[in-house]
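Geometric and topological summary
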Amino acid sequence: MAVAMRIDTDTCSRCDLCAAICPNGAIDQVEGQFPGRNPARASLCEQCGQCMAVCPSESIFVGDLTYQRDFIPFDRPRDAVDYSAFYRLAVSRRAVRRFEDRPVPQELLEKVIAAVALAPMGFPPHKTAVIALTNRTAIAEMLPHIVKFYANMVAGMKNPLIRPIIRRSAGPENMDTLENHLMPKLTQLLPAMKASGPDEITRGAPAMLLFHAQRASANHTQDGIIALAYGLLAAHSLGLGATASGMVPPAVNATPALRTMLHVPADHEVVSGMILGYPRYRYQRGIRRELAGVTWV
Ligand SMILES: Cc1cc2nc3c(=O)[nH]c(=O)nc-3n(C[C@H](O)[C@H](O)[C@H](O)COP(=O)(O)O)c2cc1C
């Protein structure tokens with residue numbers, strides 16, 4: 001169904017920026033007239049809010065979006081952050097796996113979550129939801145379940161009858177991770193993990209964020225990974241340290257006790273997660289890294 005659109009004709013200057021910016025051509029630009037719905041493409045409006053964000057006089061209204069509730073003013077749209085500030089943020093961020101033994105105040109976690117909510121998604125609204133674990137006790141309770149999940153995984157990978165089943169359900173990308181990253185690591189670390197040795201999974205972190213979404217929802221995997229990237233950068237900007245946790249989501253998804261403990265809805269899967277806390281050590285320098293390739297065309 002087409003999303004309703006209204007123009008305040010008292011204030012609209014007919015600059016037509018709303019029509020020009022609409023990613024779906026759902027707004028008509030007719031010389032000398034006020035902008036209106038393009039009837040042929042009205043149903044393509046996703047309420048992304050770009051028309052309202054660009055309007056200099058707050059004259060266009062789409063769906064149930066309001067300027068007061070749904071938009072955030074900023075002063076200098078062109079140079080809100082310059083490249084050197086972004087580069088400094090990116091170069092000084094590292095995976096932090098050693099934490100101070102103190103909790104992260106909830107207001108900082110709320111700030112991380114507020115930044116994550118600004119992440120792009122396949123199309124609005126967000127499908128990504130977050131589970132915020134704010135204390136070490138809750139995270140520690142997850143550990144035995146996660147270790148059991150990986151112990152079973154290692155046993156399955158070593159079993160010639162079960163390994164092909166894992167291969168089929170994991171797919172080539174996850175199988176590569178399993179064979180070339182997790183198996184060598186887990187084979188070595190599992191005995192100590194089972195004996196409640198050092199926590200090599202959640203690293204003693206005092207907080208964790210898990211991003212989840214309905215299993216069947218569009219784009220949710222990519223959305224969840226981008227949410228994670230925003231979360232990692234936001235945490236760093238707040239003086240927190242964080243690391244993506246690739247090991248926790250599969251264990252949560254496959255373990256009923258963890259799903260119950262974390263209130264993961266039955267039709268949802270956890271896509272990505274991060275541990276976070278105050279870094280015990282401060283890095284003195286960034287690391288030079290290059291992509292696997294750069295092709296200029
Ligand atoms: C998708 C993803 C999953 C990851 N999973 C883990 C993990 O389970 N445990 C861990 O210690 N680090 C994990 N990391 C962190 C990476 O190992 C780390 O980002 C990488 O070594 C580069 O180091 P840097 O972030 O310090 O630059 C993960 C990173 C990503 C992007």
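The shown structure was predicted, so the numbers you read here are calculated from the model rather than taken from an experiment.

**A few points about helix 6 (residues 136-158)**
- Along its 23 residues, helix 6 runs 33 Å from first to last C-alpha, staying within 8% of the 33 Å computed at 1.5 Å per residue.
- If you look at helix 6, its biggest bend is around 30 degrees, right at Leu 143, and the proline Pro 144 turns up within four residues after that.
- Here the buried face of helix 6 lies against strand 5 (129-133), helix 7 (163-194), strand 6 (207-214), helix 9 (248-254) and helix 10 (256-262).

**Considerations on the packing of helix 6 against helix 7**
- As a packed pair, helix 6 and helix 7 sit with axes 8 Å apart at the nearest point and diverge in direction by 115 degrees. Taken together, helix 6 and helix 7 sit at an angle that is classed as roughly perpendicular. Where helix 6 crosses over helix 7, the handedness of that crossing is left-handed. The residues of helix 7 that touch helix 6, namely those facing Val 147, Tyr 150, Ala 151, Val 154, Gly 156 and Met 157, are Arg 163, Ile 166, Leu 178, Met 183, Leu 186, Thr 187, Leu 190, Met 193 and Lys 194.

**Considering the site of the ligand**
- All residues adjacent to the ligand are Arg 94, Ala 95, Arg 97, Thr 243, Ala 244, Ser 245, Gly 246 and Met 247.
- When its residues are assigned to classes, the shell around the ligand shows 3 nonpolar, 3 polar and 2 charged.

**A short note on the domain arrangement of the protein chain**
- Examined at the domain level, the protein chain breaks down into domain 1 (5-70) and domain 2 (79-297).
- Between the C-alpha centres of domain 1 and domain 2 the distance comes to 39 Å.

**A word on the sheet that holds strand 8 (residues 268-277)**
- In space, the 4 strands of this open sheet follow the order 5-6-8-7, with antiparallel pairing throughout. Each edge of the sheet is formed by a strand with only one pairing partner; in this case those strands are strand 5 and strand 7 (241-244). Strand-to-strand, the axes of this sheet are offset by a mean angle of 25 degrees, without reference to chain direction.
- Of the strand pairs in this sheet, strand 6 and strand 8 are connected by 8 bridges, and their pairing is antiparallel. By the bridge assignment, Gln 214 is partnered in strand 8 with His 268.

**Overview of unusual backbone geometry**
- In this model, Pro 124 is joined to Pro 125 through a cis peptide bond whose omega is 0 degrees.
- Along the chain, Pro 125 falls in the loop between helix 5 (106-116) and strand 5.
- Backbone geometry at Arg 14 places phi at a positive 60 degrees, although glycine is not the residue there.
- Structurally, Arg 14 is set in the loop between strand 1 (5-7) and helix 1 (17-21).
- Of note, the phi angle at Glu 58 is positive, near 50 degrees, even though the residue is not glycine.
- Mapped onto the elements of the fold, Glu 58 is located in the loop between helix 2 (50-54) and strand 4 (60-62).

**Comments concerning the environment of Ala 85**
- If you trace the backbone, Ala 85 turns up in helix 4 (residues 83-92).
- A count of 11 C-beta atoms within 10 Å places Ala 85 in the exposed class.
- A sequence separation of 40 residues divides Ala 85 from Cys 45, and the C-alpha atoms of the two residues are 34 Å apart.

**Comments concerning the packing of helix 5 against helix 8 (residues 220-237)**
- Running from N to C, helix 5 and helix 8 point in directions that differ by 135 degrees, and their axes come no closer than 8 Å. Considering their axes alone, helix 5 and helix 8 lie oblique with respect to each other. Viewed along their axes, helix 5 and helix 8 form a crossing whose handedness is right-handed. Here Lys 111, Val 112, Ala 115 and Val 116 of helix 5 come into contact with helix 8, specifically with Ala 227, Tyr 230, Gly 231, Ala 234 and Ala 235.
- Its residues assigned to classes, the contact of helix 5 with helix 8 comprises 7 nonpolar, 1 polar and 1 charged.

**Re the environment of Gly 231**
- By secondary structure assignment, the location of Gly 231 is in helix 8.
- Using a count of 25 C-beta atoms within 10 Å as the deciding quantity, one classes Gly 231 as buried.
- Not counting the four nearest positions on each side in its chain, Gly 231 is found in contact with Val 112, Val 116, Leu 209, Ala 242 and Met 274.

**Re the environment of Pro 198**
- Counting through the fold element by element, Pro 198 comes out in the loop between helix 7 and strand 6.
- Note: C-alpha distance between Pro 198 and Asp 70 (128 residues apart in sequence) is 45 Å.

**Things to note about the nonpolar core**
- Within the largest apolar cluster, 43 residues are counted, with the highest numbers of intra-cluster contacts made by Met 208, Ala 242, Met 274 and Leu 276.
- Counting residues per element, this core draws most heavily on helix 6, at 7 residues.
- Here Met 274 is in contact with Met 208, Leu 209, Leu 228, Gly 231, Leu 232, Ala 242, Thr 243, Ala 244 and Ser 245, once residues within four sequence places are set aside.
- Counting 11 residues, the second-largest nonpolar core is a separate cluster that includes Cys 18, Cys 22, Ile 27 and Val 62.

What counts, and at which threshold
Residues numbered from 1 in each chain as written. Predicted model: local features only at pLDDT ≥ 70, side-chain atom pairs only at ≥ 80, totals over all residues. Helix = DSSP H or I, 4+ residues; strand = E, 2+ residues; numbered from the N terminus. Expected span 1.5 Å × (residues − 1). Bend = angle between axes of the 7 residues up to and from the residue. Contact = placed C-beta atoms within 7 Å. Axes fitted to C-alpha atoms, helices over the stretch in contact; angles between N-to-C directions. Parallel < 35°, antiparallel > 145°, perpendicular 65-115°, else oblique. Left-handed = near helix turned anticlockwise from the far one by under 90°. Near = placed C-beta within 6 Å. Nonpolar A, V, L, I, M, F, W, Y, C, P; charged D, E, K, R; others polar. Domains from an automatic or database assignment. Pairing = 2+ DSSP bridges. Buried ≥ 20, exposed ≤ 12 C-beta atoms within 10 Å, placed from the backbone. Core = buried A, V, L, I, M, F, W, Y, C linked by C-beta atoms within 7 Å.

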